[in-house]
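Descriptive structure summary
One letter stands for each residue in the lines below.
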Amino acid sequence: MGYIQEARENHVKKKVEEALRSKMKQKALKECDQFTSKYAQCASGRTLSVVWQCRKQAKELNLCLHQYTNDAVLEEMKKEYMLQQNGKGSARI
């Protein structure tokens, strides 16, 4: 399948894409809750020193979040959305 054809199949409206991104971020935060908590504990009571004192926790959190918030995940969500929409359309006919 060509790049252009694949892009057409996964094209969604801007508002739909924004909603999917929001859903993706919510899922990522839920899945990475333990790393978020560790980072928050480290950062508590710190100001500028959080940058170097919590570097390890921040890196762990970012690695976890990246697993759930990347282009591949978004494209998969778009495919699922389009399949759902196509399924609804054919059910009405």
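Since this is a predicted model, take the numbers as computed values, not measurements.

**Digging into the side chain of E17**
- Considering the arrangement of structural elements, one finds E17 in helix α2 (residues 14-31).
- In terms of polar contacts, E17 uses its side chain to reach the side chain of K78, at 3.5 Å.
- Setting aside chain neighbours within four positions, we find E17 in contact with V12, L74 and K78.

**Quick notes on a nonpolar patch on the surface**
- On the surface, a cluster of nonpolar side chains totalling about 350 Å² of accessible area is made up of L48, V51 and W52.
- With respect to the helices and strands, the residue L48 is situated in the loop between α3 (33-43) and α4 (50-53).

**A closer look at the environment of L65**
- Inspection of the secondary structure puts L65 in helix α5 (residues 55-68).
- Aside from chain neighbours lying at most four places away, what touches L65 is A28, L29 and C32.

**As for the side chain of K78**
- Position of K78 among the secondary structure elements: in helix α6 (residues 71-92).
- For K78, a relative accessible area of 9% gives the class buried.

**Let's talk about the state of the cysteines**
- This structure, assessed with the given rule, holds 2 disulfides.
- Between C32 and C64 runs a disulfide, and the two sulfur atoms are separated by 2.0 Å. Torsion about the S-S bond of the C32 and C64 cystine: about -90°, corresponding to left-handed handedness. A residue pair is termed long-range when its members are at least 10 positions apart, and C32 in the loop between α2 and α3 and C64 in helix α5 qualify at 32 residues.
- Taking relative accessible area as the criterion, C32 reaches 0% and is therefore assigned buried.
- Bridging C42 to C54, the disulfide has an S-S length of 1.9 Å.

**Brief notes about the packing of α2 against α5**
- Relative orientation of the contacting elements α2 and α5 amounts to 135°, with a least axis distance of 9 Å. In terms of orientation, α2 and α5 fall into the oblique class. In this structure, the crossing between α2 and α5 has a hand that is right-handed. Listed contacts from α5 to M24, A28, L29 and E31 of α2 are C64, L65 and Y68.
- By residue class, the composition of the contact of α2 with α5 is 6 nonpolar, no polar and 1 charged.

**Here we look at the packing of α3 against α5**
- Where α3 contacts α5, the two axes come as close as 9 Å, and the packing angle between them is 155°. Taken together, the axis directions place α3 and α5 in an arrangement best described as roughly antiparallel. Relative to α5, the crossing made by α3 is left-handed. Where α3 approaches α5, its residues F35, T36, K38, Y39 and C42 are matched on the opposing element by Q57, A58, E60, L61 and C64.
- In terms of residue class, the contact of α3 with α5 is built from 6 nonpolar, 2 polar and 2 charged.

Scoring rules and cut-offs
Numbering of residues starts from 1 in every chain and runs along the sequence as written. Only residues with pLDDT of at least 70 get local features here, since the model is predicted, and only at 80 or more are side-chain atom pairs given and counted; chain-wide, interface and lining totals rely on the full set of residues. Side-chain metrics rest on all non-hydrogen atoms present in the structure, leaving aside hydrogens and water. For the purposes of this entry, the term helix denotes a DSSP run of H or I that reaches at least four residues, the term strand denotes a run of E that reaches at least two, and both are numbered from the N terminus. Pairs of N or O atoms within 3.5 Å make up the polar contacts considered here, provided that, within protein, one atom can donate a hydrogen while the other can accept it, and that residues adjacent in sequence are counted only when both atoms are side-chain atoms. Any two residues whose heavy atoms approach within 4.5 Å at even a single point are treated as in contact. Candidate patch residues must exceed 30% relative accessible area and have no salt bridge, after which like charges are joined if within 9 Å and Val, Leu, Ile, Met, Phe, Trp or Tyr side chains if within 5 Å. In short, Shrake-Rupley with a 1.4 Å probe defines the accessible areas, and a residue's cover is counted only from the protein chains shown. Each salt bridge in this description consists of a side-chain nitrogen of Lys or Arg and a carboxyl oxygen of Asp or Glu lying within 4 Å of one another. A simple rule labels every residue: compare its accessible area, found with a 1.4 Å probe on the protein chains alone, to the largest value its type can have, and call it buried under 20%, exposed over 50%, or partly exposed in between. What counts as a disulfide here is a pair of cysteine sulfur atoms lying within 2.5 Å. Axes here refer to lines fitted to C-alpha atoms; in helices the fit is confined to the stretch in contact. Angles between the N-to-C directions go from 0 to 180 degrees. Angular relationships are summarised with four words: roughly parallel below 35 degrees, roughly antiparallel beyond 145, roughly perpendicular across 65 to 115, and oblique for the angles in between. Note on convention: the crossing is left-handed when the near helix lies turned anticlockwise from the far helix by less than a right angle, right-handed when the turn is clockwise. Residues are grouped as follows: Ala, Val, Leu, Ile, Met, Phe, Trp, Tyr, Cys and Pro are nonpolar; Asp, Glu, Lys and Arg are charged; all remaining types, including Gly, are polar.

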